[in-house]
Each structure stands twice: as structure tokens, then as C-alpha cells.
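Spelled out from the first residue to the last, the chains are:
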Amino acid sequence: MLVGLEARPIHVEADISRGGDVKFFLVGLAATTVKEARERVRSAIKNSGLEYPRTRFTVNLAPAELRKEGSGLDLPIAVAIALAQARRPPPPQSAFLGELALDGAVRHVDGVLVAARGLRDFGYKRVFVPAEDASEAALVDGLEVIPCESLSAVVMHLLGTEQIAAAAQNLSALPEHIAAEHDLAEVHGQEEAKRALEVAAGGGHHLLLSGPPGAGKTMLARCLPSILPPLELQEALEVAQLRSLLGELPHDRPLDWTRPFRAPHHSVSTAGLIGGGSRLALPGEISRAHHGVLFLDELAEFQTAVLQALRQPLESGRVSITRSGGSVAYPARFSLVAATNPCPCGWGGDDLRTCRCTPGAIDTYQRRLSGPLLDRIDLQVSVCRVPIEALASEPRGEPSSLVRERVIHARRRQIERQGALNSQLKPGRLRQLAPLAPGSRRTLERWSAQRGLTARGFHRAWRVARTAADLDGSDEVLEHHILEALGFRLQDVAA
Amino acid sequence: MAIVGSRRPSPYGEAVAEQLGLELARAGVVVVSGLALGIDAAAHRGALNGGGVTVAVMGTGVDVIYPVAHTVLAESILAAGGALVSQFPDGTAPRRHNFPARNFTMAAISDVVVVVEAAEGSGALITAEAALDLHKEVMAVPGSVFSPLSVGTHSLLRDGAGLVQNARDVLALLNRGGEVLDDPLATPQTLGFRLRPERDGILSHLSDVLALNAAELARKLQLPVAEVLGRLTALELDGAVRRHQGGYVRALRRGKERA
């Protein structure tokens, strides 16, 4: 059984009495879905041509204090009864997972990958899973995966009459080339925003795009995955686990190397964004975007409470959610790309149409964005609309593959130097790893004094400058790196 | 003399309003404006910097400062011997329909109304119309033909409003000319910045009114956008450029340093 991303093994015991009326007792704190297993298991056993006990019998689910949920216990319960009936011992170090159909077929359950990894870590050597989920479980090394088509096949396998072949281990090799959905070469002009994207990718920074409707903010955001390095094996497994838990893992290609891109609509609820559910929380959008990109379009339209809930995961890369059934933690280390209009009507700053918003309305609008969330976004850039008649003459951009090479190079420098991306550096390590040349320190301090930068803002600019230097291949943070980083701070208004 | 205009001017308009306010105040003219954001505030500020007297005609009760951010400005106006004037009873909150009446009053107590940057349908144009009805002089400062903020002022000029290029144009109308004054449209290079040659190249491409973004500049200068962005930030630190509407413009206003 799964509690968030944690697997808890359940021991299923069956005891068949010598006498009494036919009665099926299921004990061990079973929730409704598990209690219903009695009916499914009875039909499945009978329809598989197996013998159903003719006396009173008991199935116990241990540990008894853990509330059991989910239909994945159907298969182990049926197997326990069948083996007890056949007076055979359970197979050693084996685990079973699967829902039963009335005809005895084994059906898909969510979270097979998570369960398989957990079971391996508990020392199990063999796992029986629904046949359609075998490719998921086969991603786990050091575990024999037996794909189960039907209850009868499983029981025959266990009784030694007919063998099922184990599924082959299934770590698809890293492809040479990953076809991204969108490429920077398709974006005409917008060099400033593209540079901001490169810096954001290069150091794992969060990014705000501000500009009128139709300026290409969404397009730019969708290009970010194309300049990020492909997922590492460990990262891809983490992404696959979360998808497995949600039942969203495609069976033909369980391991996906492209980074996730999630773009929830601004009407999303807090539970939808950070995770939630009735008894135990399921992962939300931020965990679906783990190791990828979370794109929030129309940032000012999101409910304030929803945005506030983003603060903890933005800092820690994890989110823990408590519901009545307990507390679960999910990873949520994503790159945030937010987009906003400069004012409520959206046309502020546009050459072609005049903004009709009152200064008061603009003030209110921008104040909704400001504060703690904006303070956590390292890079802010305004995106101007390229007039249609100028589109043709705007140069095509560099292809994403070239930008990605620089990004990979810069990221490698960071991992070798500090074992983490620049965006995750604490101020102490920043001082140690990103020494400022005297000129750059003076510039940064002058700006801070002039614009009233908070300590957090000061260090954010410093981190971005570290990334600019890494993209440059420079060990030292030079003045022009600091200046570029400050150029990406739209929120600092001159006093 | 009233100086009115957009509440969201370009840096150019703000600089002109402040410079006009300053020089007219120095010449002994009482500068009247509406205590609003943008041009109004710049005109008041200029007059105060010029050591002059300025009058704020308010659309609220005199005890209700609107916008609140101008509380300090209102206090300085009073401290410098100026006045806050209102036709509305104390405690009147800002109401949209009160402002046209305020604009009429502003025209009524002034001899000349100078409009600096007004988009189509701007409140400043109501003041100008009121001034015409009251047989007062209306003058306007020209702007860029690309800027929406020039639509109102240029249509006034076409209809016969006096052209204002500097404070002397206004003083001449008031028969108070004679003093030699700074040219309000002086270029930033004359403002006493010490510019590094590589930064000067950027400045000469920038406009006072229309914002240019770093990408456009980078293309004109054939430089990487990261470098241009850095140089612009350096210029911004020096106060030579300002961010405006998603791009950059030359900063004309040097406030007290010029005063």
C-alpha cells in the first residue's frame, strides 16, 4: 500500500477452518474499497476454475493498526486464499499487487512503480504485478517482475504447473536527440527574453515575463524545456514515480527523458496546485512539474491564497501536505515561469494601443504581484510585442540545441563546483563560491542603496550574476555579470 | 499660470513640466496645477525646486490629499508659501465627476494654461477647453509624433494654441520676458555626466519619449544582448537612462542638480 511516495508492505494471511458455514471474514482495518474485495475475490476465484473454501475462513491484513485502502490488495488476498486452500506455503520474498476483475483477470492499479521501488528497498526479490503495469515495475533494478494476466495464471505459476516469464528490465537508453515541442528558433526577435530564459535555465532560476497580450510570453515559456538538459536517470525515475502514483504513466514508454511542462489555469485551487485529496493528499501541479517547468500565465489572476501556498515549495523544493489520513511529502523542485500583463487591460507600454487603466488600478494590480512571491523570482523581463509587419524582418533565433549546449556546460560547472545549481546556493556558500571583484561589489552595493534592496534581493541578484559568469565560463563574478543580473530586476524602482 | 498634462507621462513630459515649473517659478510666476500624479506633480516639484510659490487646485476637500503618496508634496507646497485650494467642502473624497469642475477652476484662476503631454480625451484637454471658454491663453508643448501622449497637445497646437519650447515662450506671452534661461530641451550630454565612450553609443540611440528595449539596441549596435543589458544598467545606476514601458529612455530630469 502507498502512503504518498512511501510504500508500506501489507502481510496477507489466510486461515481456513475445518467447519462452520461458508463465511469470509476480512480483518485488519480494511477501508471500503478493501472490504469490497471480498466480493471480487469470491467471483474471481470461482470464475478462474479454482476451488473456493466451503467452510468458514479468515483473511488478516497486517499490520492491523494501518488503515488499508485501494484495490491493489485483491490479488494478494485471492492468492493467499488459493494457496491456503491448496495447503501450500507462500513463495519466499514475493509481493503481489493488482485488482481483480470478476472473471479473474488482473487489472491495472496506480503507483506500481512506487510500490515496486519500495518493495525492493524492503528486501523483496520478486513482485507480481498486473501485466499492463509490468513495464513500470521493470524500471526498478534488482527486482524480478512477474506480469500477471489472470488469477489462474498466477496460481498455476505458484503451484509450479505453468511458468510465467519475468519481464525484462526496461531502462530505455537515453536518446541522442530529444525532439522538443517548441524551439527557440521559431521565436522572432525577443532577444532580451531569450537571454533571460537562457540564464534561468543555466542556473535553475525562476522567471517572470511581463508584457502585453500576444507578445509571445506563452511561446517563450514553452521553449524553456527545449533548452534544459534532458533528465538524468534518477530524475526521470522520480518523475515517473509521481506519474505512476497518479496513474498517468504511459505503458508503452514509462520512462520519459523530456522535462515536464505544466501550465495550470489561473482558476486552479490550492489543492490542485500544491496537492490535496480527501484522506491522503495526491501530488498537485507543482509536483507534476518536478524537475521541469511550472508555467503560471496571468499571474495576477491567481487567487492570492494559492500563490502564497507556493512559497514553501519554491524555497525548499518539497511540499508536505497534511490531510485526515496523515501527512505526506512530495518533491516539487521546478523552474517557475510566470507571465503577467503590465496592467489590467494589458496594453500598458504597448506602442500600438493605448492603455486605458487608471494609475490607481495599475497600482492595485501590480501590488497583487509584488511582495513575497515576486521577491522569490530571480529574473524579471519585459516582453514587447513585435508588430506583425516587422515579424518578417526580425531575425530568427538561435536554435534551442545551441543554447542548450551552453546551459549544460554552465550547469556542469556548477555541479562540479558546489554540487547544486546556483539558485540553491545559501548566502554563506555564495560568498565563498562567487567572489565578487571589487568593482562588481561596489556596483551591487550602489544599486542596493539606490533601490532599497532587501538582503534577499541582494543575494538573488548575486546568484543570477554567478550564473551569468558560469555561462561565460568565468570563475570570478565580474562587473558586467552583476550589471546584467541587475538588468533583470524589474521590480526595483528608483526612489 | 497652470501646467497640466497626463497622469502617466513619458520621462520627456515629466522633465519638461519640471523644467517649466522651475524656470517660471524663478521668474516669479505662480505655478498652478492639480496635485495629480505625473505632469502635475512634476510642475509642482519644479516650482518648489525653483524656490517659487505654487498652488494646487484639488478635486477633493483640502483636507483629503489625493493621491495619498503626495502628502509630502502637499506639505512642501504649504511650507514654501503656496496654497492648497478646493471648491469642495472638507472631507470630500475623490470622485470621478468632481475632477472636471476642478479643471475648470484651475483654468479660471490662471492667466495661461500650458498643456504638457495629453492623450486623446485627457483631463488636461478639459482644462484647456475651459480656458478657451474663459478667454484665457492656451499653450502646448510638442512631443513625438509617434507618442499617443502627443495627440492631445498637437491637436491644440493645430487649433492655434501657443507653442512652448521653453519658459521664455510662456513669459513672452505674459510680457515678462527678458531673463536668460536654460534651454529646457538640452540634451543629456550637456547635463554634466562623464560618459564612458562605449556607453555614449547607447545613449545616442535612445529617445527621450519612446522606449527602446535592450534587444532593439543590441541589434542596432551589433552587440550581444547580455552586454547591452549590462551597459544599460550601468547607465541606469548613473541616472542617465530610465526604464519606461518595458524599455529604456534617456533620463532628462536631473532635478536639483540643475536647479
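Only a predicted model underlies this, so the values are computations on that prediction, with no experimental measurement involved.

### Regarding the overall build of chain B
Line of reasoning, step 1. Counting its regular elements, chain B contains 10 helices and 9 strands.
Line of reasoning, step 2. Considering chain B as a whole, with its 259 residues, one finds that 54% of them fall into the buried category.

### Describing the overall build of chain A
Line of reasoning, step 1. Each helix and strand in chain A was counted, giving 21 helices and 19 strands.
Line of reasoning, step 2. Overall, the C-alpha framework of chain A stretches about 90 × 50 × 45 Å when taken along its three principal axes.
Line of reasoning, step 3. The proportion of buried residues among the 495 residues of chain A is 46%.
Line of reasoning, step 4. If you take every contact in chain A between residues at least 6 apart in sequence, the share linking residues at least 24 apart comes to 75%.

### Describing helix α7 (residues 191-203) of chain A
Residues and elements named next belong to chain A.
Line of reasoning, step 1. In this model α7 runs 19 Å from its N-terminal to its C-terminal C-alpha over 13 residues, within 8% of the 18 Å that 1.5 Å per residue would give.
Line of reasoning, step 2. Where burial is concerned, most of α7 is hidden: 13 out of the 13 residues are buried.
Line of reasoning, step 3. Two residues or fewer past α7, glycine 204 is found with a positive phi of approximately 70°.

### Notes on the interface of chain B and chain A
Line of reasoning, step 1. In this complex, chain B contributes 21 residues to the contact, which on the side of chain A involves 23 residues.
Line of reasoning, step 2. Per-element tally for the side of chain B that touches chain A: the top contributor is helix α10 (residues 225-237) of chain B, with 9 residues.
Line of reasoning, step 3. When its residues are assigned to classes, the side of chain B that touches chain A shows 12 nonpolar, 6 polar and 3 charged.

### So, the pairing of strand β3 (residues 54-58) of chain B
Residue and element names in this part refer to chain B.
Line of reasoning, step 1. Among the 5 residues in β3, 5 count as buried, and that is most of the element.
Line of reasoning, step 2. By the alternation rule, side chains of β3 split into Thr54, Ala56 and Met58 and Val55 and Val57, which are all buried.
Line of reasoning, step 3. Pairing geometry for strand β2 (residues 31-33) and β3, over 3 bridges, is parallel. Bridge pairing in β3 links serine 33 to alanine 56.
Line of reasoning, step 4. Between the parallel pair β2 and β3, the chain is carried across by helix α2 (residues 39-49), and the sense of this crossover is right-handed.
Line of reasoning, step 5. In this fold, β3 hands off to helix α3 (residues 71-79), which returns the chain to strand β4 (residues 83-86); that crossover is right-handed.

### With respect to the environment of arginine 417 of chain A
Line of reasoning, step 1. As for its position among the elements, arginine 417 of chain A is in helix α17 (residues 400-418).
Line of reasoning, step 2. Put simply, arginine 417 of chain A and leucine 433 of chain A are 16 residues apart on the chain and 8.0 Å apart in space, counted from C-alpha to C-alpha.

### Structural notes on the environment of histidine 480 of chain A
Line of reasoning, step 1. Tracing the backbone through its elements, the reader meets histidine 480 of chain A in helix α21 (residues 479-487).
Line of reasoning, step 2. A C-alpha to C-alpha distance of 9.6 Å links histidine 480 of chain A and threonine 443 of chain A, two positions 37 residues apart in sequence.
Line of reasoning, step 3. Those residues within four positions of histidine 480 of chain A in sequence are excluded, and the remaining contacts are Glu227 and Gly230 of chain B.

### Quick notes on the domain arrangement of chain A
Residue and element names in this part refer to chain A.
Line of reasoning, step 1. For chain A, the domain assignment lists domain 1 (2-159), domain 2 (184-421) and domain 3 (425-495).
Line of reasoning, step 2. Domain 1 and domain 2 are separated by 41 Å when their C-alpha centres are compared.
Line of reasoning, step 3. Contacts between the two partners involve 14 residues from domain 1 and, on the opposite side, 16 residues from domain 2.
Line of reasoning, step 4. Contributing elements (two or more residues each) for the side of domain 1 that touches domain 2: β1 (2-3), α4 (112-121) and α5 (134-137).
Line of reasoning, step 5. Here the side of domain 1 that touches domain 2 takes 4 residues from α4, the largest share from any one element.

### Comments concerning the confidence of the model for chain A
Line of reasoning, step 1. On average, residues of chain A score 85 in pLDDT, and 93% of them reach the 70 mark or higher.
Line of reasoning, step 2. Taken element by element, chain A is modelled with least confidence in helix α16 (residues 388-391) of chain A, mean pLDDT 65, and with most confidence in strand β8 (residues 106-107) of chain A, mean pLDDT 94.

### Details of the sheet that holds strand β3 (residues 11-16) of chain A
All names here are of chain A.
Line of reasoning, step 1. If you walk across this open sheet you meet the 3 strands as β3-β5-β4, and the pairing is mixed. Looking along the sheet, the strands with just one partner apiece sit at the ends: β3 and β4 (23-27). Each strand of the sheet is rotated relative to its neighbour by a mean of 15°, with strand direction disregarded.
Line of reasoning, step 2. Sheet topology places β4 next to strand β5 (residues 56-62); 5 bridges connect them, and they run parallel. What sits directly across from lysine 23, in β5, is arginine 56.
Line of reasoning, step 3. Along the sheet, helix α3 (residues 74-85) makes contact with β3 and β5, crossing β3 at roughly 35°.

### Here's the deal with the sheet that holds strand β10 (residues 144-148) of chain A
All names here are of chain A.
Line of reasoning, step 1. Reading across from one edge, β6-β9-β10 is the order of the 3 strands in this open sheet, with parallel pairing throughout. Every other strand in the sheet has two partners, leaving β6 (94-96) and β10 as the edge strands with one partner each. Averaged over all pairs of adjacent strands, the angle between their axes in this sheet comes to 20°, without regard to strand direction.
Line of reasoning, step 2. Taken together, the 5 bridges between strand β9 (residues 126-130) and β10 define a ladder with parallel strand orientation. Bridging from a neighbouring strand, valine 127 pairs with valine 145 of β10.

### What to know about the domain arrangement of chain B
All names here are of chain B.
Line of reasoning, step 1. By domain assignment, chain B separates into domain 1 (2-173) and domain 2 (188-257).
Line of reasoning, step 2. Averaged C-alpha coordinates put domain 1 and domain 2 at centres separated by 29 Å.
Line of reasoning, step 3. For the side of domain 1 that touches domain 2, the leading source of residues is helix α1 (residues 11-26), giving 5 residues.

### So, the packing of α1 of chain B against α2 of chain B
Residues and elements named next belong to chain B.
Line of reasoning, step 1. Interhelical geometry of α1 versus α2 gives an angle of 35° and a closest axis separation of 7 Å. Relative to α2, α1 is oriented so that their crossing is right-handed. Facing α1, whose interface residues are Gly13, Glu14, Ala17, Glu18, Gln19, Leu20, Gly21, Leu22 and Ala25, α2 presents Ile39, Ala42, Ala43, His44, Arg45, Gly46, Ala47 and Asn49.
Line of reasoning, step 2. Of the residues contributing to the contact of α1 with α2, the split by class is 8 nonpolar, 6 polar and 3 charged.

### What about unusual backbone geometry?
Line of reasoning, step 1. Cis geometry is adopted by the peptide bond preceding proline 63 of chain A, which originates at alanine 62 of chain A and carries an omega value of 0°.
Line of reasoning, step 2. Take proline 63 of chain A: it is sitting in the loop between β5 and α3.
Line of reasoning, step 3. The amide bond that connects tyrosine 66 of chain B to the next residue, proline 67 of chain B, takes the cis arrangement and shows omega of -5°.
Line of reasoning, step 4. The backbone of leucine 29 of chain A sits at a positive phi, close to 50°, despite the residue not being glycine.
Line of reasoning, step 5. Its location among the elements puts leucine 29 of chain A in the loop between β4 and α1 (32-35).
Line of reasoning, step 6. The class of leucine 29 of chain A is partly exposed, set by 14 C-beta atoms lying within 10 Å.
Line of reasoning, step 7. Unusually for a residue other than glycine, glutamine 93 of chain A sits at a positive phi of about 50°.
Line of reasoning, step 8. Along the chain, glutamine 93 of chain A falls in the loop between α3 and β6.
Line of reasoning, step 9. Of the residues examined, glutamine 93 of chain A has 13 C-beta atoms within 10 Å and is grouped as partly exposed.

### Looking at the nonpolar core
Line of reasoning, step 1. Core analysis: the largest hydrophobic core is formed by 213 residues, its most contacted members being Ala78 of chain A together with Val114 of chain B.
Line of reasoning, step 2. Of all the elements, α1 of chain B adds the most residues to this core, at 8 residues.

### Quick word on the pairing of strand β6 (residues 137-141) of chain B
Residues and elements named next belong to chain B.
Line of reasoning, step 1. Counting buried residues in β6 gives 4 out of 5 residues, a clear majority hidden from the surface.
Line of reasoning, step 2. The sheet contact formed by strand β5 (residues 112-116) and β6 spans 5 bridges and is parallel. Paired with valine 113 across the bridge in β6 is valine 138.
Line of reasoning, step 3. Following the chain from β5 across helix α5 (residues 123-133) to the adjacent parallel β6, one finds a crossover that is right-handed.
Line of reasoning, step 4. With 2 bridges joining them, β6 and strand β7 (residues 162-163) adopt parallel strand pairing. Note on β7: the bridge partner recorded for methionine 139 is glycine 162.

About the criteria used
Residues numbered from 1 in each chain as written. Chains lettered and ligands numbered in written order. Predicted model: local features only at pLDDT ≥ 70, side-chain atom pairs only at ≥ 80, totals over all residues. Helix = DSSP H or I, 4+ residues; strand = E, 2+ residues; numbered from the N terminus. Buried ≥ 20, exposed ≤ 12 C-beta atoms within 10 Å, placed from the backbone. Contact = placed C-beta atoms within 7 Å. Expected span 1.5 Å × (residues − 1). Nonpolar A, V, L, I, M, F, W, Y, C, P; charged D, E, K, R; others polar. Pairing = 2+ DSSP bridges. Right-handed = clockwise from strand over helix to strand, strands pointing away. Domains from an automatic or database assignment. pLDDT = per-residue confidence, 0-100. Axes fitted to C-alpha atoms, helices over the stretch in contact; angles between N-to-C directions. Left-handed = near helix turned anticlockwise from the far one by under 90°. Core = buried A, V, L, I, M, F, W, Y, C linked by C-beta atoms within 7 Å.

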